[in-house]
Amino acid sequence: MATLYLVLLTLHNLNRWLILIAGIWALIRTVPGASGGRTFTPADRRPVVMFMGSLHLQVVLGLLLFAFMGMQNIPVFAGAPRTSFQWEHLGLGLIAAVFGTLASVQARKAATDQGKFRAATLWTALSLVTILLAIPWWRPLLRFFTQ
């Protein structure tokens, strides 16, 4: 069971970087178009969808970790600056996934290209800010099969 825990923890950690890269890529593609004058193309939508998908994967991995740790009586976020951080991390992660989903859905449903860019930019930026607040910065930034 310890191996499963380390695999989940490593995947959760590595996916965090995929999320940050996809979110920054999405902003690079959408911020310039928010002022108008550009057509919202599949190349603009791709990073927003990738960002949303990686966020959903992160939530699934995080919930599996949370459940696994609870079943094994492993302390969640031992050494955290606040005892409430485990709940903050969980709540902020879910909120970030909702914001990322809104970025994709609202960008798809907007009537104009400028509206698509603005929706994708707004919700992606809010999601990234939420993610940055949820990251346990005191832990190792890259973790490969270690606790």
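Keep in mind it's a predicted model, so treat the numbers as computed, not measured.

Rules behind the numbers
- Residues numbered from 1 in each chain as written.
- Predicted model: local features only at pLDDT ≥ 70, side-chain atom pairs only at ≥ 80, totals over all residues.
- Heavy atoms only, no water.
- Salt bridge = Lys/Arg side-chain N within 4 Å of Asp/Glu carboxyl O.
- Buried < 20%, exposed > 50% of the residue type's maximum accessible area, 1.4 Å probe, protein only.
- Axes fitted to C-alpha atoms, helices over the stretch in contact; angles between N-to-C directions.
- Helix = DSSP H or I, 4+ residues; strand = E, 2+ residues; numbered from the N terminus.
- Left-handed = near helix turned anticlockwise from the far one by under 90°.
- Contact = heavy atoms within 4.5 Å.

> So, the pattern of salt bridges: which residues are in play, and what are the values?
Counting across every chain of the model gives three salt bridges. A salt bridge links R38 to D44; its shortest N-O distance comes to 2.7 Å. The class of R38 is partly exposed, set by a relative accessible area of 31%. Across the salt bridge formed by E88 and R82, the nearest N and O atoms sit 2.5 Å from each other. If you follow the salt bridges from partner to partner, you end up with R29, R38 and D44 in one network.

> Explain the packing of helix α2 (residues 42–71) against helix α4 (residues 113–134) residue by residue, including any values.
The contact between α2 and α4 brings their axes to 11 Å, and the two run at 30°. Judged by the twist between their axes, the crossing of α2 over α4 is left-handed. Contacts between α2 and α4 pair D44, V48, F51 and L55 from the former with F117, A120, T124, S127, L128 and I131 from the latter.

> Which residues make up the environment of L20, and what are the values?
Summarising the element assignment, L20 is placed in helix α1 (residues 2–30). Along the sequence, L20 and L122 sit 102 residues apart, while their C-alpha atoms lie 16 Å from each other. Apart from the residues within four sequence positions on either side, L20 is in contact with L128, I131, L132 and I135.

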